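As a plain string of letters, each chain reads:
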Amino acid sequence: MEAKQLDIKRCFIEAFSVYKVNIPMLLLTTLVFQLISLFTLLIMSGPLFGGYCYMVLNAMRSPDKKIEFNDIFKTLNRFWPLFGLFFLQGFAIFAGFLLLIIPGILLMTMWLYSYFMAVDKGYGPVDSLKASWNMVKGNGFWINLALAVIYIVINGLAGQIPFVGLIISLFVVPFGALLITSAYIQQSQQGPASSGENRPFANVCE
């Protein structure tokens, strides 16, 4: 299949198009995700982050670009695959960052789209990681690495600001997620889905 060239400028344009009409809802869903993850000791992080990705993916594909709050909970019926993906991917990337940072960045780049593969294609944890890596290497590793670095910088800088870092992160985390969403849609061999035909997991969630 022909490679799909990632356009990072387009990522910013499409991310902003969704962000600007959904700021209150994105703040609310990001806060809900963070609070539930914290109070469940990260047990719910994977299933909820899957729902978060499902939510922003639906919004970016929708003509009106509107976020649906309930979408964040629609992947809970796939608890175990997303739970497994969170800890499998999270542990490996965390270990990679401990090893002089570079391995963590490389792993993050390889698995940049794993949650989208899980919620959009219906893959299990291992297959989601494989499919993400196949997309990255098939469409340009270096451009995806650049996007991963941008994503890390956007999210990382907010968390380093004393006192107000957590508040700022409520604004920047969803924008970072939207950047990755646009990149996923651009590089997907099937492109933006116009129906449930190419979205087996989405059909289950709905």
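The structure we're discussing is the one just above.
Worth saying up front: this structure is predicted, and the values here are computed from it rather than measured.

Overview of the environment of Y123
So, point 1. With respect to the element layout, Y123 can be found in the loop between α6 (114-121) and α7 (125-139).
So, point 2. By relative accessible area, which is 34% here, Y123 ends up partly exposed.
So, point 3. As for Y123 and P81, which are separated by 42 residues in sequence, their C-alpha atoms are 8.4 Å apart.
So, point 4. If we ignore the near neighbours within four places in the chain, the residues touching Y123 are R78, M117, A118, S128 and A131.

A look at the pattern of salt bridges
So, point 1. Counting across every chain of the model gives 4 salt bridges.
So, point 2. We note a salt bridge from R10 to E14, for which the minimum N-O separation is 2.7 Å. Placement of both R10 and E14 in helix α1 (residues 8-19) is noted, with a separation of 4 residues, approximately one turn of the helix.
So, point 3. R10 gets classed as partly exposed once you look at its relative accessible area, which sits at 34%.
So, point 4. Across the salt bridge formed by D120 and R61, the nearest N and O atoms sit 2.9 Å from each other.

Some remarks on the side chain of Q186
So, point 1. Position of Q186 among the secondary structure elements: in helix α9 (residues 165-187).
So, point 2. Non-local contacts of Q186, meaning those with residues more than four positions away in its chain, are made with K4, Q5, L6, D7, R10, C11 and E14.

Topic: the nonpolar core
So, point 1. Counting residues in each nonpolar core, the largest one holds 52 residues, and the members touching the most others are L26, V56, Y113, L147, L178 and Y184.
So, point 2. Residue contributions to this core peak at 9 residues, all from helix α3 (residues 45-61).
So, point 3. Beyond its immediate sequence surroundings of up to four residues, L26 is in contact with Y19, Y52, M55, V56, I67, P174 and L178.

Describing unusual backbone geometry
So, point 1. The phi dihedral of L41 falls on the positive side, at around 55 degrees, and the residue is not glycine.
So, point 2. Relative to the elements of secondary structure, L41 occurs in the loop between α2 (23-39) and α3.
So, point 3. When its relative accessible area of 69% is taken as the criterion, L41 is described as exposed.
So, point 4. Non-glycine residue K65 carries a positive phi angle of around 60 degrees.
So, point 5. Relative to the elements of secondary structure, K65 occurs in the loop between α3 and α4 (79-98).

Cut-offs and rules
Residues numbered from 1 in each chain as written. Predicted model: local features only at pLDDT ≥ 70, side-chain atom pairs only at ≥ 80, totals over all residues. Heavy atoms only, no water. Helix = DSSP H or I, 4+ residues; strand = E, 2+ residues; numbered from the N terminus. Buried < 20%, exposed > 50% of the residue type's maximum accessible area, 1.4 Å probe, protein only. Contact = heavy atoms within 4.5 Å. Salt bridge = Lys/Arg side-chain N within 4 Å of Asp/Glu carboxyl O. Core = buried A, V, L, I, M, F, W, Y, C linked by side-chain atoms within 4.5 Å.

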